[in-house]
Structures are given as structure tokens and as C-alpha cells.
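Residue strings, one per chain:
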Amino acid sequence: MPEVFRFPKSLKKTLFHYCPGCHHSIIHRLLCEVIDELGIRERTIGLASIGCSCFLYFYIDVDILEAPHGRSCSVGTGIKRARPDLVVFTYQGDGDFAAIGLGDSLHAASRGENITAIMINNTVYGMTGGQVSPTTLLFQKTTTTPYGRDPKKEGYPLKVAEILAGFEGVAFCARGAVNTPQRVLEAKKLLRRAFEIQLRGLGFSYLEFLSACPINWKMDPISATRYVDKLAETFPIKVFKDQLSEGKNEA
Amino acid sequence: MMAKKVLVKGVEAIALGALEGGCQCYFGYPITPQNEIPEIMAIELPKRGGVFLQAESETSAINMVLGASAVGARVMTSSSSPGISLMSEGFSYLIALELPCVVVNVMRGGPGLGGIEASQGDYFQAVKAPGHGDGRFLVLAPYSCSEAYQLTAKAFELADKYRNPVMILSDAILGQMKEPLLLKSLKIKTYPKEDWALTGAMGRPSRVIKSLFLDSKELAERNLRLKRKYRAMEKEIRYEAIFSGEERVIAVAFGSIARICKEAVLNLREKGYEVGFFRPITLFPFPGKALLNMAERSLGKVSLVVFELNCGQMIEDVKLSLCGKAEAISRYYPPSILPFPEDIEKELKKCLKSSGFPKV
Amino acid sequence: MRLEVILSGFGGQGILFAGNLLALCGMYQRYQVTFLPVYGPEMRGGTCHCTVILSDKEIASPLVLEPGYLILLNLPSFIKFMPRLKKGGLALVNSDLVKKEEITNFEELIKGKRVIFLPMNTLAEEVGAPQALNMCALGAFNGCLEIFSESTFKKALKEMLFPSKAHLFESNLKAYQRGFQEVKKIVKD
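Since the model is a prediction, treat every value here as computed from it, not as a measurement.

Engineer: Sorry, what's going on with the interface of chain B and chain C here?
Structural biologist: Note on interface size: it is often stated as the accessible area lost on association of the parts. With 23 residues of chain B in contact, the opposing surface of chain C contributes 21 residues. Buried area between chain B and chain C, summed over both chains or domains, comes out near 2,000 Å², and the portion from carbon and sulfur atoms is 67%. Considering only the surface of chain B that becomes buried against chain C, Leu7, Lys178 and Phe340 of chain B emerge as the three largest contributors, covering 28% of it. With a closest N to O distance of 3.1 Å, Lys262 of chain B and Glu58 of chain C form a salt bridge. The interface formed by chain B and chain C holds 7 residue pairs in polar contact (both at pLDDT 80 or more) in total.

Here you go:
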């Protein structure tokens, strides 16, 4: 009988601490499946950043280093430069990657650091209680934009994938989501591609996932999962750049 | 082969010492007066299969250091005062994660943008609180090119030994002055890193290097363990002293101003004055016991005069060390006001003359 | 033996190069040496100076309040450093840019001190190396003291010149020799 389901080797057998309806756990699992399938568990270093996902090491069974807030791409640079044989991924939220760490993120991308950056975009600061983030939608209410994000005051949502796609050092740039079964399957393919790009040494691979935060959006899990479609109106789900499919094989 | 003798700046001696110490990776951001260090590393490291990368800021540079250290590389950065402040968050993480690295601070005048003249204004920052939280650096203060070379090489060994950052605290004068340097090959120990570095979970359980401890008991235990480590570092205490027991006044100084003081003290001793000299080489741990010892071994009443290129910082450590057994006086020179040996001689003579002058 | 020199002039006159070269020659002559460039905005434009010490004992302070020797290539340097020259000390002065008659307290400044005037710019121009007046000054200085041999000078000069400036070796050497010979006419051992 063909095997249709298996607990990933790289996923630790423990319960997730994430809130009901949060998408982190789905993405964690997909990440572990990809690590298993590519057979890279024994040479992968994950970077946990600051935010809800700082406890990445409770769930993902690879060597993990905790990076200071926003600095994962710089820490990843240090690792990859010192040990190019290791596989490096960062796992960051929109606050970590695109607010406090935007400088580190953009420069690592621009240098074409051969690492994979995963950015979970849920438009709010989850861990600190739902404050405004660079990716908060226009007129979206957060605890620090109680009257809604006003473009005159807080400016406009920052579209990171759109920026990075234009960088020469970026070999892969895509935005996905996990709010429908179809998108979950797509998301896994994107993850796999991002790591393949790194394994071939093609350059920086960036993968953004639109993700639900029911607690801070003040929604039930089902509404929050549906609301991700609303996010996709501002942040289109698509592959912006994929040098592997464009025929580039080796760096 | 005979060791080569070269005429080099202090900062060049630091870079050469780092290479001798087995430095494999350098990450940094340019700032005066230490740019020769990254420039030399940019030439030399690639030749040796090492890594040089100029980061987009000091903040990212120190985090690159953090990453390289976590996977077991011998790694360093260098900067000057304002850049060191920018790195301080990273310093705290490095201490907390127990990651070895070497950090060079060629101090310039502050606060703020300050100036590029010699200063020792970052003494407190280096020895008391390199970052937030309860962490310390092992701090070495060379006062010549050959000491800069030797101590920088040694710093890599000490960093690995204690799994803690080690700082080389220098200044613009020592950094820019040229002196002959004998390029001796040094015996720098290495320590195995397989039992803690992140190298991929091959043939062993996966490993986590982290500094978040939400369980308060766990955090307290970790900090007490770090404290024991700082205690253990006392084995590394180094200092230079000119003292016989008959001195009535002892000049205490580190780094560049220690050279000026030493000149003054040697001149005065030649003329028969009862003056001594004490130079801490490790600033943390501070050679306080040696200072107290001197005070206790003195045949008569002794005063210690602390000369610094700041508005009085090390004086506090000297006072604490003396436990009230001797008087400690501060003579301070903020940036731009560099004393000549003659000025120091005058100060020391004044102190010799009057035993009852006001304490600072 | 202990020799303390301050070299001073305009930025661009090659003061730091000459000071560095002097220290390197001293090192090759087996002396302890220090070379301390002035550190600060003065490095570009205005006056620029450095302190060189040669000694057969360990050198503690690289700073010198009253040096025994001065090499002064312009007027502001003369005004600034003459008062610091030790009694009985020697100053080598570039007469092309330092005119006695332009200095109101000249006699007071040189009282108890030896001063040798040499037209450094002119001498350098005569050997076809107008930019090498610093080497002229260094030659004159060594002509007075004979601290190092010409072969030491050549070795040090070769080391100091960047590969892109290697073609300047001969002209620099000529300027050095000219300064050396010229001062010998004034100073008889």
C-alpha cells in the first residue's frame, strides 16, 4: 500500500503552543516535510527570531540558533560564510524581518547571501499583543492604530516581496498562504523550491506566507483563515522570481 | 627562520596578532581610527581561506560575528566608540549564548560623535556593562605594538577557553603610533568545539543555542554559572608594577597614558623620588588584589594617583580594590588634553609634597 | 643615545612620510623607535606634524614636550614649535618658506638654540624633484647627526614606497643626498 501520511522526522513529537487558528504550526510542518524530503536535516541550521515563532526549537528537530530581534539574516550570513556547507534558513515574522530587521534583510538579499528567509506575514505584532506592523493593511485596526491604519499617519503596507524581486542577489522570491488545502500544497512546493535554490548556490531565497492571527485580529479561527484572502488583495499570492525555472542551474 | 621585524601602527599590530591567533572570519564596519584593521583583514583573510565581509552597519556586523561563532569559527570584529555602542545588544547576546569572539575597540573621544582623538572614555562600558543584562567581557588593554600583537592573538585562545567575548581596549594614540614589532610565532591554544557548536544534527540529537529563559529559576542558574565563569577568569589577571615598598606615591594607568606615566615615574625614580607605577593589563577581571597587596606591603603611608584619558572611571575600581587601606586620587584628562611626561611628573611631585590634598 | 625629533610642515609636504622613514631607518640601525603622527583634522591642510623618538633603551612615552631636534618646513610650524625646542637643541628650517624678517620675535625664539636654514624647496628643485623637499630635509638632518648609513636609507626608502611610486626612488634618493651634502657645508663635524 502506498504511504500517504507520515509524521515528519524533523518535527518533534510535542504539542504546539500556538493559539487556535494560528498558521505557524502548518508552516512548521511543511518546513519539516521539505527538510526530510531533501535529506538535509543533519546539515541544517535554523534561525529562530523574536516573535511568536521564537520557540521554533520546541518543534523543529534541527540545530537552531536564536537570533537577536531583526538580525536573523545577518546571523545567517555569518553562519553561511563561515560554513558554506551548512543549509541555513531564517524563520521571521513581519515585524522581525520588515520592521526592526529590514536593513539586515535587504542587505543580505542584495548581497545574494545563499540562505533561505521565510517571512510569516500576519500584519500584526503577534507576541506583544497585536500592535501595528509595516504590513498592516490600510484602515486595519490594531492596538496601536485603534482607529485603523491611516496612511497619513502610519503610511502604507510595506510589500517586501515586491521590493526583493527587483534585487539581483535574490534568486527566488514568492508569496504563498496556507488558508486552503490547495494553497497548503502550493506552499510546500514553494518551500521546496526555496531550499533547492540554496542547495544549488543560486543566491538569496525569500518566501513570504500570509498567515492568520485570530487572537490579535479578534476573530474566530475560521473567519481569520478566510480573512487571509483579504490580505491577498494587498499582498498578491504569486511567484515573483524563480531563477531555477528560468533555467539557471548553478551559481 | 628568524622572526621578521616590522615597523607598524598599533592597529596593524592588532590585525597581525589576530591572524597569528588563528582568526578565520572578520565582520565589521569602517570607522576612524581603526580602518587599517578591516583593510588588512580584507587582504589577508582570503589568502588563508578565511572570510572577510564589510557589513552594512555595526549592528549587522556583530550579528554576523554571532552566527560565525555559533558554528565554531574563530571570529572577530573591530570598531571605535560610537560603533561599539551600536554593537552592544549583540555583545549581550554573545555573552548570554556563551559564544567566543574577539572585539577590538580603538577608543575615540565621546560622548556622541565626540572626536577622533585618543580617549579612554569607554572604560566603564567595556568593563562594567558591554551590553544589557548581567554580562561581562574579559578586557585586555595593551600599551605597545608588541603587546597589542601578543594580546590580540591570546584573546582568541581566552575567548574559546571561557566561551565568552574578549575585548581588546585600545585608543587612537596606540592605534596610530608606529613601533617595531617582532613577528614571533606564538603558541595559541585551541579548544574543541564539537560539544557545543551548531554543526548540524549528524549522529547526535539536535542542539539549540538560546538565551531566552522564561523559567525564572533557569535564568537565575544560568546567570550564576556565568558569574562563576567570570570568577574563573581571575586566573588570567595581568599587570605591570614598579614597586619596592618604599614608594609613597604610585601612578596607576592603563593603555597609552600608562606610557606617559611610566616615563614620568622612571624619570622621577632616577632623581631619587619615591614613586611607583602600576599598570593593569586585564581591565576585567581587574587586578585589584595586586593593588591592595601593594598598599598593604608599603612601609609607610602610600597614595595612588590614577591617571586616565577620561573624566575619572578606573579610579572607582582602584578605590574599591583598596578597601580604604590607601588613598586614591583621580587625575583626569578628557579628550584633546593629552599630558606630557613633564605634566605627570609635576602632579606626582605635588602628591609627594602634600599628604593632605583634597580627595576627588 | 636618545633622540627626539618633531617634524612639522604643511599637509602635502611629506612630513609623515619623512617621519616614518626616519623611524624605519632608526629601526634598521637597531634602535628602539616610536613614530607618532599628529592625530586629528590637522592631517589635511594646515600644519601637520609628527614625533619620532630613537633610543637605545625602551621608549615609554611617545609624546615629547621639549624635543632636542626640529625639522620645520613652513612658517606656522616655526612659530608653533620653536618655543618647545630644548635649550641647546637644533632646528633645521626651510628658508624658502620661513623668512627671518617675517618673524617679529625671531631673536627671542632662537635664543640659546641652534638653527640651520636651508632652502629645501630650491634644493629639491635643483635635483629635479620639487616634491621631495621632505627627503632633502631628512638628508640634511642625517648630515648633521649621521645616525644611519645611506644603505640603510635606501633599504628603508625602497620599503616605504608603494609599488606604484617605485619610480620615485631615484629622485627621492637624489634629494636626500643633496640635503646631506648641503648641510655638510655648514656643519663641520
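Engineer: What's the story with the packing of helix H1 (residues 10-20) of chain B against helix H2 (residues 36-47) of chain B in this structure? I'm lost.
Structural biologist: Residue and element names in this part refer to chain B. Relative to each other, H1 and H2 sit at 35°, their axes nearing to 8 Å. Here H1 and H2 pass one another in a crossing that is right-handed. Contacts between H1 and H2 involve Val11, Glu12, Ile14, Ala15, Ala18 and Leu19 from the first element and Glu36, Ile37, Ile40, Met41, Glu44 and Leu45 from the second. In terms of residue class, the contact of H1 with H2 is built from 9 nonpolar, no polar and 3 charged.

Engineer: Looking at this structure, I do not really get the pairing of strand S4 (residues 75-79) of chain B. What am I missing?
Structural biologist: In the case of a regular strand, side chains alternate between the two sheet surfaces. Residue and element names in this part refer to chain B. Of all 5 residues making up S4, 5 are buried, and the element is well covered by its neighbours. Burial of the side chains of S4 extends over both faces: Val75, Thr77 and Ser79 are buried on one face and Met76 and Ser78 on the other. With 2 bridges joining them, strand S2 (residues 25-28) and S4 adopt parallel strand pairing. Across the sheet, residue Tyr26 finds its bridge partner in S4, namely Met76.

Engineer: Please explain the state of the cysteines as it appears in this structure.
Structural biologist: Any covalent bond linking the sulfur atoms of two cysteines counts as a disulfide. Taken as a whole and judged by the stated rule, the model has 0 disulfides over all chains. Its sulfur unpaired, Cys261 of chain B is 11 Å from the next cysteine sulfur, which belongs to Cys351 of chain B. Cysteine Cys25 of chain C remains unbridged, with the sulfur of Cys50 of chain C as its closest cysteine sulfur at 13 Å.

Engineer: Explain the sheet that holds strand S4 (residues 116-121) of chain A here, please?
Structural biologist: Strand-to-strand pairing in sheets goes through backbone hydrogen bonds, with the strands running parallel or antiparallel. Across the sheet, 8 strands lie side by side as S9(A)-S7(A)-S8(A)-S4(A)-S3(A)-S1(A)-S2(A)-S9(B); this open sheet has mixed pairing. Both edges of this open sheet fall to strand S9 (238-242) of chain A together with strand S9 (208-209) of chain B, since each of them pairs with a single strand only. As judged from the 5 bridges shared by strand S1 (residues 44-48) of chain A and strand S3 (residues 87-93) of chain A, these two strands associate in the parallel manner. Following the sheet pairing, Thr44 of chain A is matched in S3 of chain A by Val87 of chain A. Seen against the sheet, helix H1 (residues 24-38) of chain A touches S1, S3, S4 and strand S8 (204-210) of chain A and runs at an angle of roughly 175° to S3 of chain A. The strands touched by helix H8 (residues 181-199) of chain A are S3, S4, strand S7 (170-177), S8 and S9 of chain A; relative to S7 of chain A, the strand with the most contacts, the crossing angle is about 165°.

Engineer: Just to check I follow, could you spell out the pairing of S2 of chain B for this structure?
Structural biologist: Both faces of S2 of chain B are covered, namely the face carrying Cys25 and Phe27 of chain B and the face carrying Tyr26 and Gly28 of chain B. Handedness of the crossover is the feature at issue here: the chain leaves S2 of chain B, passes through H2 of chain B, returns alongside strand S3 (residues 51-54) of chain B, and the resulting connection is right-handed.

Engineer: Can you help me understand the pattern of salt bridges in this one?
Structural biologist: Side chains that differ in charge, positive against negative, can pair when their charged atoms come close. Inspection of every chain in the model, using the stated rule, returns 49 salt bridges over all chains. Close ionic contact of Arg48 of chain B with Glu44 of chain B constitutes a salt bridge, the shortest N to O distance being 3.2 Å. Between Glu147 of chain B and Arg279 of chain B there is a salt bridge, and its shortest N-O distance comes to 2.8 Å. Linking Glu147 of chain B in helix H6 (residues 145-162) with Arg279 of chain B in strand S12 (residues 275-280), this pair joins segments that are 132 residues apart in sequence. Through salt bridges that share partners, Arg29, Glu33, Glu37, Lys188, Arg192, Arg193, Glu196 and Asp242 of chain A make up one connected network.

Engineer: For this particular structure, what's the right way to read the interface of chain A and chain B?
Structural biologist: With 33 residues of chain A at the contact, the number on the chain B side is 33 residues. Surface buried jointly by chain A and chain B totals about 2,600 Å² across both partners, of which 63% is contributed by carbon and sulfur atoms. Scanning the region where chain A abuts chain B turns up 2 salt bridges. Residue Asp63 of chain A is joined to Arg204 of chain B by a salt bridge in which the shortest nitrogen-to-oxygen separation is 2.6 Å. Looking at the side of chain A that touches chain B, the elements with two or more residues in it are S1, strand S2 (63-66), helix H3 (72-82) and helix H5 (102-110) of chain A. Sort the elements by how many residues they give to the side of chain A that touches chain B and H3 of chain A lands first, with 7 residues. Residues belonging to the side of chain A that touches chain B are distributed by class as follows: 13 nonpolar, 7 polar and 13 charged.

Engineer: Explain the domain arrangement of chain B here, please?
Structural biologist: Residues and elements named next belong to chain B. Under the domain assignment used here, chain B contains domain 1 (5-235) and domain 2 (238-353). A separation of 28 Å is found between the C-alpha centroids of domain 1 and domain 2. The partner domain 2 presents 29 residues to the 34 residues of domain 1 that form the contact. Our enumeration of links across domain 1 and domain 2 arrives at 3 salt bridges.

Engineer: I keep staring at helix H1 (residues 15-28) of chain C and nothing clicks. Help me out?
Structural biologist: Residue pairs three or four apart in sequence face the same way in an α-helix, which turns once every 3.6 residues. Residues and elements named next belong to chain C. Compared with an ideal rise of 1.5 Å per residue, which puts 14 residues at 20 Å, H1 spans 20 Å between its outermost C-alpha atoms and is within 8% of the ideal. For H1, the buried fraction is high: 11 of the 14 residues fall into the buried class. Downstream of H1 by one or two residues, Arg30 has phi in the positive range, about 65°.

Engineer: Help me out: how do you make sense of unusual backbone geometry in this one?
Structural biologist: With omega at 0°, the peptide bond leading from Gly110 of chain B into Pro111 of chain B counts as cis. Within the element layout of this structure, Pro111 of chain B appears in the loop between strand S5 (101-107) and helix H5 (123-127). Geometrically, the link from Phe284 of chain B to Pro285 of chain B is a cis peptide bond, its omega value of -5° lying close to zero. Positive phi, normally seen in glycine, also occurs at Glu146 of chain C, with a value near 50°.

Engineer: When you look at the arrangement of the chains in this model, what are you seeing that I'm missing?
Structural biologist: Among 2 pairs of chains with at least one contact, chains A and B form the most extensive contact set. Contact between chain A and chain C is absent, and the minimum C-alpha spacing across the pair is 31 Å.

Engineer: How should the packing of aromatic side chains be read in this particular structure?
Structural biologist: Residues and elements named next belong to chain A. Applying the stated criterion across every chain, the model contains 22 aromatic pairs over all chains. Ring geometry for Phe97 and Tyr206: centres 5.2 Å apart, planes at 40°, overall tilted. Placement of the pair is Phe97 in helix H4 (residues 94-100) and Tyr206 in strand S8, with a sequence separation of 109 residues. For the residue pair Phe97 and Tyr206, the accessibility class agrees, reading buried in each case.

How each quantity is defined
- Residues numbered from 1 in each chain as written.
- Chains lettered and ligands numbered in written order.
- Predicted model: local features only at pLDDT ≥ 70, side-chain atom pairs only at ≥ 80, totals over all residues.
- Heavy atoms only, no water.
- Contact = heavy atoms within 4.5 Å.
- Buried area = accessible area lost by both parts, 1.4 Å probe.
- Salt bridge = Lys/Arg side-chain N within 4 Å of Asp/Glu carboxyl O.
- Polar contact = N/O pair within 3.5 Å; in protein donor to acceptor, adjacent residues only side chain to side chain.
- Axes fitted to C-alpha atoms, helices over the stretch in contact; angles between N-to-C directions.
- Helix = DSSP H or I, 4+ residues; strand = E, 2+ residues; numbered from the N terminus.
- Left-handed = near helix turned anticlockwise from the far one by under 90°.
- Nonpolar A, V, L, I, M, F, W, Y, C, P; charged D, E, K, R; others polar.
- Buried < 20%, exposed > 50% of the residue type's maximum accessible area, 1.4 Å probe, protein only.
- Pairing = 2+ DSSP bridges.
- Disulfide = S-S within 2.5 Å.
- Right-handed = clockwise from strand over helix to strand, strands pointing away.
- Domains from an automatic or database assignment.
- Expected span 1.5 Å × (residues − 1).
- Phe/Tyr/Trp six-rings, centres within 6.5 Å; stacked < 30°, edge-to-face > 60°.

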